[in-house]
Amino acid sequence: MSGFAALVARDLRLVWRRPGDVAVVLAFFVVATTLFPLGIGPEANVLARIAAGVLWCAALFAALLSLDRLFAADFEDGTLDLLLLAPWPLELAALAKCCAHWIVTGVPLAALAPILGVAFGLDPSVLLALSVTLLVGTPTLSLIGGLAAALTLGARKSGALLALLALPLCVPTLIFGAGAVEALATGGDFGAHLAVLAALALVALATTPWAIAAALRQAGE
Amino acid sequence: MATPLLEVADLACRRGGRRVFERLSFALGRGELLALVGRNGSGKTTLLRALALLVHPEAGTISWQGVDVRAEPDAWRGRLAWLGHLEGLKADLTVAENLLAAERLRGAPQAEDRLDSALVAFDLSSLAARAVRTLSAGQRRRTALARVVLAQAPLWLLDEPLNALDAPAQAAFRRALATHLAAGGLAIAATHADLGLAGGRTLELGIPT
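Residues numbered from 1 in each chain as written. Chains lettered and ligands numbered in written order. Predicted model: local features only at pLDDT ≥ 70, side-chain atom pairs only at ≥ 80, totals over all residues.

Asks: Kindly report on the overall build of chain A, identifying the contributing residues and their values.
Replies: The helix and strand tally for chain A stands at 9 helices and 0 strands. Here chain A has a C-alpha radius of gyration of 18 Å; the compact-globule value for 221 residues is 17 Å, and the two agree. With the principal axes as the frame, chain A shows a C-alpha extent of 55 × 35 × 30 Å. (Helix = DSSP H or I, 4+ residues; strand = E, 2+ residues; numbered from the N terminus. Rg over C-alpha atoms; globule rule 2.2 N^0.38 Å.)

Asks: Tell me about the packing of helix 6 (residues 90-117) of chain A against helix 9 (residues 190-220) of chain A, and please be specific about residues and values.
Replies: Residue and element names in this part refer to chain A. One can describe the packing of helix 6 onto helix 9 by two numbers: an axis separation of 8 Å at closest approach and a directional angle of 105 degrees. By the angle between their directions, the pair helix 6 and helix 9 is classed as roughly perpendicular. Counted together, Leu90, Glu91, Ala94 and Leu95 of helix 6 and Pro209, Trp210, Ile212, Ala213, Leu216 and Arg217 of helix 9 form the full contact between these two elements. (Axes fitted to C-alpha atoms, helices over the stretch in contact; angles between N-to-C directions. Parallel < 35°, antiparallel > 145°, perpendicular 65-115°, else oblique. Contact = placed C-beta atoms within 7 Å.)

Asks: An account of the interface of chain B and chain A is requested, with residue identities and associated values reported.
Replies: Facing the 24 residues of chain B at the interface are 23 residues of chain A. Counted by class, the side of chain B that touches chain A contains 13 nonpolar, 4 polar and 7 charged residues. (Nonpolar A, V, L, I, M, F, W, Y, C, P; charged D, E, K, R; others polar.)

Asks: Would you mind going over the confidence of the model for chain B in detail, with residue names and values included?
Replies: Residues at a pLDDT of 70 or more form 98% of chain B, whose mean pLDDT is 92. Complex prediction metrics read pTM 0.91 and ipTM 0.91. (pLDDT = per-residue confidence, 0-100.)

Asks: I'd like to hear about unusual backbone geometry, residue by residue, with values.
Replies: Residue and element names in this part refer to chain B. Phi is positive for Leu53, close to 65 degrees, though the residue is something other than glycine. With respect to the helices and strands, Leu53 occurs in the loop between helix 1 (44-51) and strand 4 (59-64). Taking the number of C-beta atoms within 10 Å as the measure of exposure, Leu53 has 19 and is therefore partly exposed. A positive phi angle, near 55 degrees, is found at Asp123, a position not held by glycine. Here Asp123 shows up in the loop between helix 4 (111-121) and helix 5 (137-151). (Buried ≥ 20, exposed ≤ 12 C-beta atoms within 10 Å, placed from the backbone.)

Asks: I'd like a description of the environment of A:Leu35, backed by residues and values.
Replies: Residue position: A:Leu35 is located in helix 2 (residues 20-40). Remark: the alpha-carbon pair of A:Leu35 and A:Leu216, spanning 181 residues in sequence, is separated by 38 Å.

Asks: Outline helix 5 of chain B, supporting the account with residue identities and numerical values.
Replies: All names here are of chain B. When the terminal C-alpha atoms of helix 5 are compared, their 21 Å separation across 15 residues agrees well with the 21 Å that a helix rising 1.5 Å per residue should span. Most of helix 5 sits inside the fold, with 13 of its 15 residues counted as buried. Positioned one or two residues after helix 5, Gln152 has a phi angle of 50 degrees, which is positive. (Expected span 1.5 Å × (residues − 1).)

Asks: Account for the sheet that holds strand 2 (residues 18-29) of chain B, with residues named and values stated.
Replies: Residue and element names in this part refer to chain B. On the basis of which strands lie adjacent, the open sheet formed by 4 strands has the order 2-1-4-5 and antiparallel pairing. Of all strands in the sheet, those bounded by a partner on one side alone are strand 2 and strand 5 (67-68). Pairing between strand 4 and strand 5: 2 bridges, direction antiparallel. Counterpart to Ser63 in the pairing with strand 5 is Asp68. Packed on one face of the sheet, helix 1 meets strand 1 (4-15), strand 2 and strand 4 and runs near 120 degrees to strand 1. (Pairing = 2+ DSSP bridges.)

So this is what it looks like as structure tokens:
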């Protein structure tokens with residue numbers, strides 16, 4: 001087993017041992033999205049109009065909830081030193097950590113979103129599109145959030161700082177993610193929005209592991 | 001002295017704006033142990049972290065078989081077994097899972113074959129399936145030491161290896177260290193306690209004024 005696969009497997013096993021961490025994230029997503037129909041009222045047109053934005057925002061906040069522990073736990077128990085000392089690129093280790101985060105948050109959020117979308121009166125095709133955009137967009141959230149988590153490692157109030165750093169960087173993903181769903185619902189160009197969303201994910205994939213590794217090395221000093 | 005494998009020349013480190021040590025030089029050959037001693041804040045841990053490339057030295061070189069280790073950092077890290085102040089264990093994994101995960105992160109295949117002997121060396125066989133969060137401080141330290149043994153790395157870097165260990169565990173550590181040295185391994189240990197091995201060298205670090 002390669003070091004990359006071993007690290008992903010280890011983090012997944014840790015989540016399996018403490019499922020409450022993921023359950024809290026998903027519960028937040030459910031509660032946050034269901035509050036909107038309750039607060040705004042049963043006007044179907046209004047709910048359908050705001051659905052994509054609400055679900056994407058809630059997914060973004062839910063993903064951020066779990067990110068402050070992404071590297072902090074390794075930092076606190078000393079396993080970050082073992083990652084820094086692994087005889088393979090730290091950039092790959094950073095990518096493995098973000099990959100594991102995406103598997104346990106991004107994928108469940110994408111799976112859960114269409115179910116919650118029913119409460120907003122979305123058509124089945126739009127529900128499917130919502131799930132696809134989250135599947136394509138949430139890797140960017142994990143990567144950018146991972147960078148913010150690495151940069152705030154060891155800082156006081158790191159959770160708030162992480163959100164302040166990550167949220168502005170996630171705005172393009174939020175715009176094109178929600179925009180893609182909106183485009184499909186209103187007859188716009190869904191494919192173009194999705195392509196931009198995928199491009200943002202690729203840019204994050206190509207850049208953030210190096211930045212995360214640099215931040216982790218700095219934290220390890 | 002044996003032909004040096006590890007050579008440190010004119011090493012200097014600065015931490016938090018303060019020079020921790022400077023012009024530090026030593027060499028270590030096969031089967032040699034170097035105990036780092038000195039008061040709190042004298043730079044023992046910093047030296048270990050600098051040797052592991054976790055801290056960037058301000059000046060000086062670290063060479064392995066005559067080659068600067070910074071030229072091939074991944075190869076250098078592959079030669080190290082590390083025990084820090086913190087055990088580097090995941091509380092929610094079992095003892096065995098922690099050891100195997102650490103070996104897999106090192107890219108080492110077939111760690112399962114060697115696991116039993118590492119567990120036996122530190123009397124951990126009966127604890128192998130226990131979650132680390134349920135262990136005492138001494139048992140966690142023994143687990144971390146078993147990880148060092150399991151790594152089969154030529155150079156051990158140990159920060160206070162005897163911390164929290166009772167007398168039988170200390171004896172087990174000394175046996176493991178003696179076996180490692182007898183097999184031609186090297187070890188550098190920061191310690192406030194006597195490592196209890198004859199023939200080891202000592203490097204005393206002072207607090208710079």
